[in-house]
Amino acid sequence: LKTNMASTDPVASSSSSAPPPPTEKKRKIKPYHKIKAHANPLSDNDFPYPVSPEAVDWGTQYPMHKGKAVTIADVGCGYGGLTVNLSPVFPDDLILGMEIRDKVVQYVRDRIDDLRVKNPGKYTNIGVERTNAMKYLPNYFAKHQLRKIFFLFPDPHFKKANHKRRIISQQLLSEYAYVLAPGGMIYTITDVEELHHWMAGHLARHPLFERIPNEDLKDDPCFDLIHRSSEEARKVDRNDGKKFPAVFRRREHPFTTDPFWD
């Protein structure tokens, strides 16, 4: 009788059939480097920059190579895929990744530090700097200091009103020509065909640059690296996208009749 009473007791029945108390919902762990895909290069930034190339102490970035200067720049280096892969290909060059987003820069620094710890004596020739290359490139590099500059999958800035934010323009190309040594190379690649024509068109019209046909670059290790080494390149592959490269050489003398360039 007591058993039957217990089984028909509404309170007991309710408690036995009630769902278990809700467990505490785990908080979503945000990725340590969750950041915006792009940043506005024309906005004001609060990071420091050198007053001149002579004020840059490259020994802080490359303690094993004091007295040397950077000769290869990866502009908008992102998560450092190309910068890291260039290291063993050009062991005698100092390579600098340049990135405007602070959290991405910290990620690349951590990545380089980790590579140096795991591979003693290697990856000592690469570094990363938080800066805005559209504004401060001549503050870092002297005339003809660089021999290679890379622009991999830059922000397309699709809106016409934002085209002035694009990393390739006639005005900026004159700065790139200033810091690039004669015979030096500019490498560009994008998965946006319109941006490819924009970049290649501006470079082709500049009197200090001449395009190198893609078929002449088969033995250039950099041409292979720009297609596969960066995180963005692998993303394009995963999406079965197309890549549009264009490589230009810096002329020693301007190809023009305009006396301004003489």
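Note that this is a predicted model, so its numbers are computed, not measured.

Asker: I'd like to hear about the packing of aromatic side chains, residue by residue, with values.
Answerer: Overall, the coordinates contain seven aromatic pairs when judged by the stated rule. Centroid distance Tyr 140 to Phe 141: 6.3 Å. Interplanar angle 50°. Geometry classified as tilted. For the residue pair Tyr 140 and Phe 141, the accessibility class agrees, reading buried in each case. Taking the centre distance of 4.7 Å and the plane angle of 15° together, the rings of Phe 150 and Tyr 187 count as stacked. Here Phe 150 is found in strand S4 (residues 146–152), whereas its partner Tyr 187 is found in strand S5 (residues 180–190), with 37 residues between them in sequence.

Asker: Quick rundown of the environment of Glu 232? Include the residues and the values.
Answerer: For Glu 232, the position within the fold is in helix H9 (residues 231–238). Considering only alpha carbons, one finds Glu 232 and Tyr 79, 153 residues apart in sequence, at a separation of 9.1 Å.

Asker: Outline helix H5 (residues 133–140), supporting the account with residue identities and numerical values.
Answerer: By the criterion of burial, H5 is predominantly enclosed, with six of the eight residues buried. At its buried positions, H5 is contacted by strand S1 (70–75), strand S2 (94–99), strand S3 (126–130) and helix H6 (170–179). Looking at where H5 begins, the residue whose side-chain oxygen comes 3.1 Å from the main-chain nitrogen of Met 134 is Asn 132.

Asker: Residue-level account of the side chain of His 202, with values.
Answerer: Along the chain, His 202 turns up in helix H7 (residues 193–205). When its relative accessible area of 12% is taken as the criterion, His 202 is described as buried. Each residue touching His 202, except ones within four places of it in the same chain, is listed here: Ile 168, Ser 169, Gln 170 and Leu 173.

Asker: How would you summarise the nonpolar core if you had to cite specific residues and measurements?
Answerer: Core analysis: the biggest nonpolar cluster contains 38 residues, and Phe 141, Ile 149 and Tyr 176 have the highest contact counts within it. Counting residues per element, the ones that place at least two in this core are S1, S2, H5, S4, H6, S5, H7 and strand S7 (244–250). Excluding its chain neighbours within four sequence positions, the residues that come into contact with Tyr 176 are Leu 137, Ile 149, Phe 151, Ile 167, Ile 168, Ile 186 and Phe 209.

Asker: Give a description of the sheet that holds S4 that names residues and reports values.
Answerer: One open sheet holds the seven strands; their spatial order is S3-S2-S1-S4-S5-S7-S6, and the pairing between them is mixed. Two strands bound the open sheet, and with one partner strand each, they are S3 and strand S6 (209–212). With direction set aside, neighbouring strand axes in the sheet form an average angle of 20°. Packed onto the sheet, helix H8 (residues 221–228) meets S4, S5 and S7 and runs at close to 30° relative to S5.

Parameters at a glance
The numbering scheme is per chain: residues are counted from 1 as the chain's sequence reads. Residues qualify for local features only when their pLDDT is at least 70, as the model is predicted, and side-chain atom pairs are given and counted only at 80 or more; totals for whole chains, interfaces and linings, by contrast, use all residues. Only hydrogens and water are set aside; all other atoms, that is, all heavy atoms of the structure, feed into the side-chain values. Two rings from Phe, Tyr or Trp (for Trp, the six-membered ring) form a pair when their centres sit within 6.5 Å of each other. Planes less than 30 degrees apart are called stacked, planes more than 60 degrees apart edge-to-face, and all others tilted. Whether a residue is buried, partly exposed or exposed follows from its accessible area with a 1.4 Å probe, protein chains only, as a fraction of its type maximum: under 20%, in between, or over 50%, in that order. Only runs of H or I of at least four residues qualify as helices and only runs of E of at least two qualify as strands under DSSP, and these elements are numbered from the N terminus. Contacts between residues were defined by any pair of non-hydrogen atoms, one from each residue, lying within 4.5 Å. Nitrogen and oxygen atoms within 3.5 Å of one another constitute a polar contact, given that in protein one can donate a hydrogen and the other can accept it, and given that sequence-neighbouring residues count only through two side-chain atoms. Definition used in this section: a nonpolar core is a set of buried Ala, Val, Leu, Ile, Met, Phe, Trp, Tyr and Cys residues joined via side-chain atoms within 4.5 Å. Two strands are said to pair when DSSP picks up at least two bridges between them. Only C-alpha atoms enter the line fits that serve as axes; for helices the fit covers just the stretch in contact. Angles between N-to-C directions range over 0 to 180 degrees.

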